[in-house]
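Residues per chain are reported as follows:
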There are 2 protein chains.
Amino acid sequence: MDLIKVSANSRTSLVAGAIAGVVREHRRAEVQAIGAGAINQAIKALIVATGYLKNDGIYVRFVPEFAEVAIEDKVRTAVRLVIEPTEQSDFSSVHLSPRPDRTEPSET
Amino acid sequence: MDLIKVSANSRTSLVAGAIAGVVREHRRAEVQAIGAGAINQAIKALIVATGYLKNDGIYVRFVPEFAEVAIEDKVRTAVRLVIEPTEQSDFSSVHLSPRPDRTEPSET
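Residues numbered from 1 in each chain as written. Chains lettered and ligands numbered in written order. Predicted model: local features only at pLDDT ≥ 70, side-chain atom pairs only at ≥ 80, totals over all residues. Heavy atoms only, no water.

Trainee: Just to check I follow, could you spell out the overall build of chain A for this structure?
Mentor: Summing up its helical and strand segments, chain A has two helices and four strands in all. Taken from N to C terminus, the helices and strands of chain A fall in the order β-α-β-α-β-β. Here the contacts in chain A between residues at least 6 apart in sequence split such that 66% fall between residues at least 24 apart. Here chain A has roughly 6300 Å² of accessible surface; of this, 47% comes from carbon and sulfur atoms. (Helix = DSSP H or I, 4+ residues; strand = E, 2+ residues; numbered from the N terminus. Contact = heavy atoms within 4.5 Å. Areas by Shrake-Rupley, 256 points an atom, 1.4 Å probe, with all protein chains shown as cover.)

Take a look at the structure:
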């Protein structure tokens, strides 16, 4: 799966579209950013992508991690954001209208 | 619950400690950052806090969102990072030792 590399000059809407597309296809996406400007763009794109995916009924969360990457023979510390869909029901901070059509599984 | 406000000059380790402390106590934390430098510090602190909490067996993910905040009579767009613990088992990208529910060949 491709890593979505974001720079300080990346356009938010383009990155957001890429994130949403990869999550729809692979149920997972990884975004990489190096430096404050790039991380800023990545987070903004994540927020926009979260909205796109929510419209499709896909709720995502992220885990950020550091990654060492070699760029022109220098090792730099990148931030990677791993994006995955989640069960809506286990994320209490997301407020939605109650779903009347949902039947609870009955345990016996 | 207090909002953890991060600036471009915030120290990563202090913010990380604050995030971990609030999550331990309230099972939820919110971090607010305005501008690329502050968002960069917030994300780095999140990564460090994620490590702290993992040592306690608490696995967190976050959802970023925009928030309009008034600062000196001007409306600015902040980024808020909502951090919550998650069920470890539903996050497939986290690699841990094999799950006990896996059936291993029994030694005879």
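Trainee: Can you walk me through the packing of helix H1 (residues 12-26) of chain A against helix H2 (residues 36-55) of chain A in this structure?
Mentor: Each pair of packed helices can be summarised by the angle the axes make with each other and by the distance between the axes. All names here are of chain A. For the pair H1 and H2, interaxial distance at closest approach is 8 Å and the crossing angle is 55°. With respect to each other, H1 and H2 are oriented oblique. The handedness of the crossing between H1 and H2 comes out as right-handed. Here H1 contributes Thr12, Ser13, Val15, Ala16, Gly17, Ile19, Ala20, Val23 and Arg24 to the contact with H2, which in turn contributes Gln41, Lys44, Ala45, Leu46, Val48, Ala49, Tyr52 and Leu53. (Axes fitted to C-alpha atoms, helices over the stretch in contact; angles between N-to-C directions. Parallel < 35°, antiparallel > 145°, perpendicular 65-115°, else oblique. Left-handed = near helix turned anticlockwise from the far one by under 90°.)

Trainee: Honestly, the interface of chain A and chain B in this entry has me stumped. Any pointers?
Mentor: In many reports, interface size means the accessible area that the parts give up when they come together. In this assembly, 28 residues from chain A lie in contact with 27 residues from chain B. When chain A packs against chain B, close to 2300 Å² is buried across both sides, 71% of that on carbon and sulfur atoms. The three residues of chain A that bury the most area against chain B are Ile47, Arg61 and Pro64 of chain A, which together make up 23% of that side's buried surface. There are zero salt bridges connecting chain A and chain B. In this assembly, chain A and chain B are joined by one residue pair in polar contact (both at pLDDT 80 or more). Elements with a minimum of two residues in the side of chain A that touches chain B: H2, strand E3 (59-71) and strand E4 (74-86) of chain A. Along the lines of polarity and charge, the residues of the side of chain A that touches chain B split into 16 nonpolar, six polar and six charged. (Buried area = accessible area lost by both parts, 1.4 Å probe. Salt bridge = Lys/Arg side-chain N within 4 Å of Asp/Glu carboxyl O. Polar contact = N/O pair within 3.5 Å; in protein donor to acceptor, adjacent residues only side chain to side chain. Nonpolar A, V, L, I, M, F, W, Y, C, P; charged D, E, K, R; others polar.)

Trainee: Explain the environment of Thr12 of chain B here, please?
Mentor: Residue and element names in this part refer to chain B. Structurally, Thr12 can be placed in helix H1 (residues 12-26). Here the alpha-carbon distance between Thr12 and Arg80, two residues 68 residues apart in the chain, equals 17 Å. Apart from residues no more than four positions distant in its own chain, Thr12 is found in contact with Gln41, Lys44, Ala45 and Val48.

Trainee: Please clarify how the nonpolar core should be interpreted in this entry.
Mentor: Of all hydrophobic cores here, the largest spans 52 residues; its most connected members are Ile19, Ile43 and Ile83 of chain A together with Ile19, Ile43 and Ile83 of chain B. Sequence-distant contacts of Ile19 of chain A, that is, excluding residues within four places in its chain, are made with Ile4, Ala29, Val31, Ala45, Leu46, Ala49 and Ile83 of chain A. (Core = buried A, V, L, I, M, F, W, Y, C linked by side-chain atoms within 4.5 Å. Buried < 20%, exposed > 50% of the residue type's maximum accessible area, 1.4 Å probe, protein only.)

Trainee: Help me understand the packing of H2 of chain A against helix H2 (residues 36-55) of chain B, please; the structure alone is not making it clear to me.
Mentor: The contact between H2 of chain A and H2 of chain B brings their axes to 8 Å, and the two run at 80°. Viewed along their axes, H2 of chain A and H2 of chain B adopt a mutual orientation that is roughly perpendicular. Only Ala36, Gly37, Ile39, Asn40 and Ile43 of chain B of H2 of chain B make contact with H2 of chain A, whose side of the interface consists of Ala36, Gly37, Ile39, Asn40 and Ile43 of chain A. Its residues assigned to classes, the contact of H2 of chain A with H2 of chain B shows six nonpolar, four polar and no charged.

Trainee: How should the side chain of Glu30 of chain A be read in this particular structure?
Mentor: Relative to the elements of secondary structure, Glu30 of chain A occurs in strand E2 (residues 29-33). Looking at Glu30 of chain A, its side chain comes within polar contact range of the side chain of Arg28 of chain A, at 2.9 Å.

Trainee: Which parts of the structure should I look at to understand the pairing of E4 of chain A?
Mentor: On a regular strand, one side chain projects to one face of the sheet and the next to the other, so that they alternate. All names here are of chain A. Pairing analysis gives five bridges linking E2 to E4, with the strands arranged antiparallel. Within E4, the residue paired with Ala33 across the bridge is Val79. As paired elements, E3 and E4 share 13 bridges and run antiparallel to each other. Each bridged residue has a counterpart across the sheet, and for Val63 the counterpart in E4 is Val82. (Pairing = 2+ DSSP bridges.)

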